[in-house]
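Observations on the three-dimensional arrangement
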Amino acid sequence: MTWIFAFLAGLVAALGLQPYNLWGCSLVAVAGWLALLRQTQKTWQIFALSWLFAFGFFWLGLDWIATSFTHQAAMPSWLGWVAVPLLSCYLACYIALFTLPLRFLCLSFRRGEKRVDSFQSSDGIGDGADSGDVDAIPPRLLPVEKGAAVAREGTMKSRFFAGAAAFWSLPVFSISLSQIPLWRLTLALAGCLTWGEWIKSWVFTGFPWSPLGAIWLNILPIAHIARWIGSYGLSALVVIAAGIGLSCYDGIKSAIEKRQARQAIRSLLPAFWMALPFLGWALVDGHDIHWQKAERPPAHVVIVQPNIPQDEKYDLRYKSRHDAIFEKLSGKGDPHHPRLILWPEDAVQSYLEEEPLARAALSRLLGKNDLLLTGGDALIPDNSGHIASVRNSLFVLDAKGDILDRYDKAHLVPFGEYMPFRKWAAYVGLGRLVAGDIEFTEGAQPESLDLVPFGLVGIQICYEIVFSGRVVDRAHRPDFIFNLSNDSWFGRSGPPQHLAQARLRAIEEGLPIARATSTGISAVIDAEGRILQFLPENTEGRLLAVMPKALQPTFFARYGNLISVLFATALLLIALFRRIKLR
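As the structure is a prediction and not an experimental result, all values here were calculated from the model. (Residues numbered from 1 in each chain as written. Predicted model: local features only at pLDDT ≥ 70, side-chain atom pairs only at ≥ 80, totals over all residues. Heavy atoms only, no water.)

Before going further, it helps to examine the side chain of His 322. Secondary-structure assignment places His 322 in helix α13 (residues 319–330). In this structure, His 322 is in contact with Ile 308, Glu 312 and Lys 313, ignoring residues within four places of it in sequence. (Helix = DSSP H or I, 4+ residues; strand = E, 2+ residues; numbered from the N terminus. Contact = heavy atoms within 4.5 Å.)

For the coordinates displayed, the defined rule picks out 14 salt bridges. Ionic pairing is found between Arg 321 and Glu 312, a salt bridge with its closest N-O pair at 2.6 Å. Look at Glu 312 and you get buried, because its relative accessible area is 18%. Arg 391 is the salt-bridge partner of Asp 408, the closest N and O atoms lying 3.2 Å from each other. With a gap of 17 residues between them, Asp 408 in strand β5 (residues 403–408) and Arg 391 in strand β4 (residues 387–397) connect regions that are remote in the sequence. Overall, Asp 408 belongs to the buried group, its relative accessible area being 10%. Put simply, Arg 227, Asp 526, Glu 528 and Arg 530 are held in one network by salt bridges that share partners. (Salt bridge = Lys/Arg side-chain N within 4 Å of Asp/Glu carboxyl O. Buried < 20%, exposed > 50% of the residue type's maximum accessible area, 1.4 Å probe, protein only.)

A few words now on a nonpolar patch on the surface. Where nonpolar side chains cluster on the molecular surface, the patch consists of Phe 555, Tyr 559, Leu 562 and Leu 566 and spans about 390 Å² of accessible area. Its location among the elements puts Leu 566 in helix α18 (residues 561–582). Residue Leu 566 is classed as partly exposed on the basis of its relative accessible area of 49%. (Patch = residues over 30% accessible without salt bridge, like charges linked within 9 Å, V, L, I, M, F, W, Y side chains within 5 Å. Areas by Shrake-Rupley, 256 points an atom, 1.4 Å probe, with all protein chains shown as cover.)

For the rest of this paragraph, the subject is the pairing of strand β10 (residues 522–525). Residue alternation in β10 divides its side chains into two sets, Ser 522 and Val 524 and Ala 523 and Ile 525, and both sets are buried. Here 3 bridges tie strand β9 (residues 513–517) to β10, and the two strands are oriented antiparallel to one another. Within β10, the residue paired with Arg 515 across the bridge is Ala 523. Following β9, the chain reverses through 4 residues before pairing antiparallel with β10; Gly 520 in that reversal takes a positive phi of roughly 110°. Across 4 bridges, β10 lies against strand β11 (residues 531–535) in antiparallel orientation. Within the sheet, the bridge partner assigned to Val 524 lies in β11 and is Gln 533. (Pairing = 2+ DSSP bridges.)

Quick look at the sheet that holds strand β12 (residues 541–546) now. The 6 strands lie next to each other as β5-β4-β3-β2-β1-β12, forming an open sheet whose pairing is mixed. The sheet is open, and its two edges are formed by β5 and β12, each paired on a single side. On average, each strand axis in the sheet is tilted by 35° relative to the strand beside it, whichever way the strands run. The pairing of strand β2 (residues 340–342) with strand β3 (residues 371–381) spans 3 bridges and is parallel. Residue Ile 341 lies in a different strand from β3, and its bridge partner there is Leu 372. Relative to the sheet, α13 contacts β1 (300–305), β2 and β12, its axis offset from that of β1 by approximately 150°. (Axes fitted to C-alpha atoms, helices over the stretch in contact; angles between N-to-C directions.)

Moving on, we come to the confidence of the model for the protein. On average, residues of the protein carry a pLDDT of 80, and 74% of them reach 70 or more. No element of the protein has a lower mean pLDDT than helix α7 (residues 142–151), at 39, and none a higher one than β10, at 97. With pLDDT under 50 throughout, residues 108–154 is counted as low confidence; its partners more than four residues away or in other chains account for 91 contacts. Counted against residues more than four places away or in other chains, residues 162–180, with its pLDDT under 50, gives 51 contacts. (pLDDT = per-residue confidence, 0-100.)

Okay, the packing of aromatic side chains next. The tally for this structure, following the rule as stated, stands at 16 aromatic pairs. Judged by centre distance (5.9 Å) and plane angle (55°), the ring pair of Phe 7 and Trp 59 falls under tilted. Here Phe 7, found in helix α1 (residues 2–13), pairs with Trp 59, found in helix α3 (residues 43–61); they are 52 residues apart in sequence, far enough to count as distant. For Trp 59, a relative accessible area of 34% gives the class partly exposed. A centroid spacing of 5.6 Å and a plane angle of 85° characterise the contact between Trp 195 and Trp 198, whose relative ring orientation is edge-to-face. Of this pair, Trp 195 and Trp 198 both sit in helix α9 (residues 180–200), separated by 3 residues, roughly a single helical turn. With relative accessibility at 24%, the residue Trp 195 sits in the partly exposed group. In textbook terms, an aromatic cluster arises when at least three aromatic residues are bridged by ring pairs, as seen for Phe 7, Trp 51, Phe 55 and Trp 59. (Phe/Tyr/Trp six-rings, centres within 6.5 Å; stacked < 30°, edge-to-face > 60°.)

The biggest cluster of nonpolar side chains holds 119 residues, and the ones touching the most others in it are Trp 216, Leu 340, Leu 342, Leu 373, Leu 394, Ile 459 and Phe 482. It is helix α11 (residues 226–258) that provides the largest number of residues to this core, a total of 13 residues. Aside from chain neighbours lying at most four places away, what touches Ile 459 is Leu 373, Leu 394, Tyr 407, Glu 447, Leu 449, Glu 464, Phe 482 and Leu 484. Core analysis: the second largest hydrophobic core is formed by 19 residues, Phe 326, Ala 347, Val 348 and Leu 397 among them. (Core = buried A, V, L, I, M, F, W, Y, C linked by side-chain atoms within 4.5 Å.)

This part takes up the environment of Asn 483. Topologically, Asn 483 is positioned in strand β8 (residues 480–485). Sequence separation of Asn 483 and Ser 522 is 39 residues, and the distance between their C-alpha atoms is 9.3 Å. Contacts of Asn 483, omitting those with residues within four sequence positions, involve Gln 460, Ile 461, Cys 462, Ile 465, Ala 502, Ile 513, Ala 514, Arg 515 and Ala 516.

Neighbouring strands of a sheet are bound in pairs by backbone hydrogen bonds; such pairs are parallel or else antiparallel. The strand order β6-β7-β8-β9-β10-β11 describes an open sheet built from 6 strands, whose pairing is mixed. At either margin of the open sheet sits one strand with a lone partner, and together these are β6 (448–451) and β11. With strand direction ignored, the average angle separating the axes of adjacent strands in the sheet is 20°. Here strand β7 (residues 455–461) pairs with β8 via 5 bridges, running parallel. Opposite Gly 458, over in β8, you have Ile 481 as the bridge partner. Of the strands in this sheet, β8, β9, β10 and β11 touch helix α16 (residues 494–509), which is tilted by about 160° from β9.

This part takes up the pairing of β4. In terms of residue burial, β4 counts as a mostly covered element, since 8 of its 11 residues are buried. Relative to β4, β3 runs antiparallel, the two being bridged by 10 bridges. When the sheet's bridge partners are listed, Pro 381 is paired in β4 with Ile 387. Between the end of β3 and the start of β4, which pair antiparallel, lie 5 residues, with Gly 385 showing a positive phi angle near 95°. Of the pairings in the sheet, the one linking β4 to β5 comprises 5 bridges and is antiparallel in character. Each bridged residue has a counterpart across the sheet, and for Leu 397 the counterpart in β5 is Ile 403. Between β4 and the antiparallel strand that follows it, β5, lie 5 residues; Gly 401 among them carries a positive phi value of about 85°.

Below, the structure written as structure tokens:
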């Protein structure tokens, strides 16, 4: 039953993601994961429980992948329902492997005394430490004094983090010894999970879809902490919040069993100290936001969502109808009001660099000072002039039909736009999801396009927006990001999860984002992650918007995921510090 419960807890944890948004279920499920881990006595049990939890989380969170197999003919559609659990098995290994250090970090004992070698509690609150460990608690709360000294300097947010560090150090030094192993486990698991999610985001090109911390988008003041510690750091906060809840449950349960009201109150104090920084953040959030000084007027954008089903997209019988939809939604230009018209990924089926007639047709849709940003394919020749590969690109066209700039997608979708181990895959009959025989190749790193008079625009095509810390050219910080995508592949849960990833990038980088998708969800997101305008899924329409202001570079925008890794390491060091003190 323990193994089944771990798997079910993972499934329940995924309910906090979009489109379910049941973030409370995620906290309860993670608390259940913690409860299971503290009952283990062997390293392989830690690995197995964590793997089953992560497997359930990814299986439900990535169920949209199965739908994508119904939009191609290279492989049977039922293979999608095999691909989801296989991918979940692989991704769960990252989380499970990075929980293996929990045994080293959280199991402590004194030489010559009773060994405390399991997470299991002797009294239902935590794994009870020996009473001789009382001497290990310092008589003074030095971290509070140090935190207070740091708090005298810096902005309100700096003072908040200094105070938070002090408050979170209180349980380490002053809570009852029976609670210490639970909090050590909580902090260690939070650090291990953050490390696992970060490693998962770049190994073998990475797959960082839907980190656990995405559940905080339901509580924006907490999600805004991503400006400091990134979205992977938010995942650590999920574990800490779950640990608070588990501590409250354990304390109240023990007090009821022993019929001691005073003990019930005492048991809630550690949870109160741990929760206080969350409450403090909610009070100071937004008080020291500094908006970036705009050098140009805000861009007026037209975001087009044609609602063209994936099954019709490449069918020439529908081409004239599709062209009419784009023409209608793009509207008429006004020479006195320049517009930036934003079309989705792969909106144009023609090879624009090779077909001047196709460019001329598009130019007729534009006003004199308008620019069109549209997705399409770019043919890449080899040295002999033959077509060697294709790139998923964005083209910038003006009213004359000239291509002013081009951006090539840097992060391709594995098994979608390219096949890892292509020769082996072809031998067993596997192919990529995107139609065509020519191999897609990646472009350079993120870059900002200088589009006069609209400012610097950062481009992220589809899947690229999910890569935390890798969506902006930091040497040329844009005024906003344009994320063009074709989410018609992604079933019911994929599009809202993709939108959630874009919101996390907006918070991390302090930049507004405009999204144009084929079938939804197109949106305008401000620099605080709020959705200002949107078009629902399976809806034809357009958004007319003035792009909101950008924030000055956030702490995360300056240092990227180095901050997430340092935050995770700090949590692990706190857990390790308690282990050393108790030896």
